[in-house]
Amino acid sequence: MMQVNLIAYTPEPEKVVAAAAKLCYSDSHIGTLLDGLTEEKTVRFLSMLTDLGHASPIEHANFTFGIEGVSRTLLAQITRHRIASFSVQSQRYVRLDDFHYVIPPEIEKIPAAKAAFLASMDEDAKRYLDLAKKLEDAHTAEYVAAGMDEAAARKKAAKQANEDARFVLPNACETKMVMTMNARSLQNFFALRCCNRAQWEIRALAKEMWKLVYPVAPELFRNAGPRCLAGPCPEGRMCCGKAEQVRAEFAAMRGEKKQ
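Residues numbered from 1 in each chain as written. Predicted model: local features only at pLDDT ≥ 70, side-chain atom pairs only at ≥ 80, totals over all residues. Heavy atoms only, no water.

Asker: Quick rundown of the nonpolar core? Include the residues and the values.
Answerer: Residues Phe63, Phe65, Phe190 and Phe221 are the most contacted members of the largest nonpolar core, which totals 46 residues. It is helix α8 (residues 200-213) that contributes the most residues to this core, six residues altogether. Ranked by size, the runner-up nonpolar core spans 10 residues in total, among them Leu96, Phe117, Met121 and Ala132. (Core = buried A, V, L, I, M, F, W, Y, C linked by side-chain atoms within 4.5 Å. Buried < 20%, exposed > 50% of the residue type's maximum accessible area, 1.4 Å probe, protein only. Helix = DSSP H or I, 4+ residues; strand = E, 2+ residues; numbered from the N terminus.)

What follows is the structure, encoded as structure tokens:
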């Protein structure tokens, strides 16, 4: 099951962004940059940045997430967001003796498809462990024959076996990561991945991340989300046709009462 935690972020992120904006548009000095930045003035600076389309000061606020229970399929998608930092559990160093996996909802709801999927996962797990053992045993024998102590040989061989055995693991295999993005990159991430046209797993992740950062920096992320929140859907003929439902969903996530 997907788990997402906001494990660290820039203290007073909105004030930091406002201070950067203040420096851009006034004769302030670094030593007094934070002086007089009340909540009201902070909001005013952030609104000004939005109105002007001046996004670079937003990059000074960073947010770090701990993410687990997501698939390697998601990993391939999320790392396309290049203005971010990723630390991912290595299949090279970690032997997955009992690997977990993500079941797509469309497979979950069709009994025959789910049965076939689970059988495939069981077979993949067996083949992975069998291959890892064969490789480990062969490499251990080579190292021992070369004069290495058996315990040391086994340890080195296990790592080498993991490196190649992982090639048979499926995209459904679960992984975990720590990811850091600045607020500007997050806004772009939410615009793309909260959209109904985004793949279901990364869309679910994006919404969970949104729910974590919005209470911390509501002005920074007040308008964050799929692009149809601010106007017509930009997807053209590929539009999901559910813009009103999406707007209502995000209004509810912001805690706004229905008019």
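Asker: Would you mind going over the pattern of salt bridges in detail, with residue names and values included?
Answerer: Scanning the model with the defined rule gives 19 salt bridges in all. Residues Lys133 and Asp137 are paired through a salt bridge, measuring 2.8 Å at the closest nitrogen-oxygen approach. With Lys133 and Asp137 both in helix α5 (residues 111-145) and four residues apart, the pair spans about one turn of that helix. Judged by its relative accessible area of 29%, Asp137 falls in the partly exposed class. Each of Arg95, Lys133, Glu136, Asp137 and Arg154 takes part in one network of salt bridges that share partners. (Salt bridge = Lys/Arg side-chain N within 4 Å of Asp/Glu carboxyl O.)

Asker: With reference to specific residues and values, describe the sheet that holds strand β4 (residues 174-182).
Answerer: Taken together, the four strands give an open sheet; going across it, the order is β1-β2-β4-β3, and neighbouring strands pair in antiparallel fashion. Every other strand in the sheet has two partners, leaving β1 (3-9) and β3 (85-88) as the edge strands with one partner each. Across the sheet, the mean angle from the axis of one strand to that of its neighbour is 20°, orientation sign disregarded. Examined bridge by bridge, β3 and β4 share four bridges and lie antiparallel to one another. For Ser87, the partnering residue across the bridge sits in β4 and is Val178. Of the strands in this sheet, β2 (62-71) and β4 touch helix α7 (residues 183-193), which is tilted by about 125° from β4. Of the strands in this sheet, β1, β2 and β4 touch α8, which is tilted by about 145° from β2. (Pairing = 2+ DSSP bridges. Axes fitted to C-alpha atoms, helices over the stretch in contact; angles between N-to-C directions. Contact = heavy atoms within 4.5 Å.)

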